[in-house]
Structures are given as C-alpha cells and as structure tokens.
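# A look at the structure
If you want the building blocks of each chain, they are given just below.
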Amino acid sequence: MSMSAAGVNLALLAKVNHFLAAKGERQIKRCPPDSERHEELGGLYLIDMASGKVLDHHLDVEAFARQIGVV
C-alpha cells in the first residue's frame, strides 16, 4: 500500500527515527512531493548517516518498524 507523505504516521516515523538515532547508523528522511527526486525516492527513504547513501526508497514506515522490532 502506497501512502503520500501527508498520510505518513508521523508519530511512528519519529519513534523509528529515535530508535535508529540511538544506533547512529541510519535515518529515515521525507522527500517532499514537489521534489525532483520524489519519483525516484518516494515519500520516505532510508539513508546511511556516514555516507549519505540511499539504502532504501519508497519506504513503508509501518513495515519497516515491524522489521526492526519497533512495533
């Protein structure tokens, strides 16, 4: 199921990013719908904090949260 950035569960996104920040390796970023990279990245994408490399795109925050054990 695809969601627009406006439909993102912001509380869950904050919880996931807090969890990731504790490890200091990855972070989920939002890509605005009017960005030229939105089609490539989707509303949410995962980056490696050290390199800035995009690790995943069109991220489903609910599925990702389950995958890392946050929910």
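Since this is a predicted model, take the numbers as computed values, not measurements.

Our next topic: helix α3 (residues 61–68). Listed in full, the buried residues belonging to α3 are V61, F64, A65 and I68. Buried residues of α3, viewed axially, fall in a sector of 100°; they line one side. Along α3, exposed side chains directed more than 90 degrees from the buried face belong to R66 and Q67. Tucked inside the fold, the buried residues of α3 contact α1 (10–23), β1 (26–30) and β2 (44–48). Positive backbone phi, approximately 85°, marks G69, located one or two places after α3.

The subject of this paragraph is unusual backbone geometry. Of note, H58 is a non-glycine position whose phi angle comes to about 50°, a positive value. Relative to the elements of secondary structure, H58 occurs in the loop between β3 (54–56) and α3.

Most of β2 is tucked away: four of the five residues are buried. Pairing between β2 and β3: two bridges, direction antiparallel. Counterpart to I47 in the pairing with β3 is V54. Taken together, β2 and the strand that follows it, β3, pair antiparallel across an intervening segment of five residues, in which G52 is found at a positive phi of about 80°.

This part covers the sheet that holds β3. Spatially, the three strands line up as an open sheet ordered β1-β2-β3, and their pairing is antiparallel. Each edge of the open sheet carries a strand with a single partner, namely β1 and β3. Ignoring strand direction, the axes of neighbouring strands in this sheet form an average angle of 45°. Direction of pairing for β1 relative to β2: antiparallel, over a ladder of five bridges. Bridged to Q27 within β2 is I47. The strands that α1 touches are β1 and β2; relative to β1, the one it contacts most, it runs at about 150°. Contacts from α3 reach β1 and β2 within the one sheet, and its direction differs from that of β1 by about 170°.

Conventions used here
Residues numbered from 1 in each chain as written. Predicted model: local features only at pLDDT ≥ 70, side-chain atom pairs only at ≥ 80, totals over all residues. Heavy atoms only, no water. Buried < 20%, exposed > 50% of the residue type's maximum accessible area, 1.4 Å probe, protein only. Helix = DSSP H or I, 4+ residues; strand = E, 2+ residues; numbered from the N terminus. Arc of directions from axis to C-beta. Contact = heavy atoms within 4.5 Å. Pairing = 2+ DSSP bridges. Axes fitted to C-alpha atoms, helices over the stretch in contact; angles between N-to-C directions.

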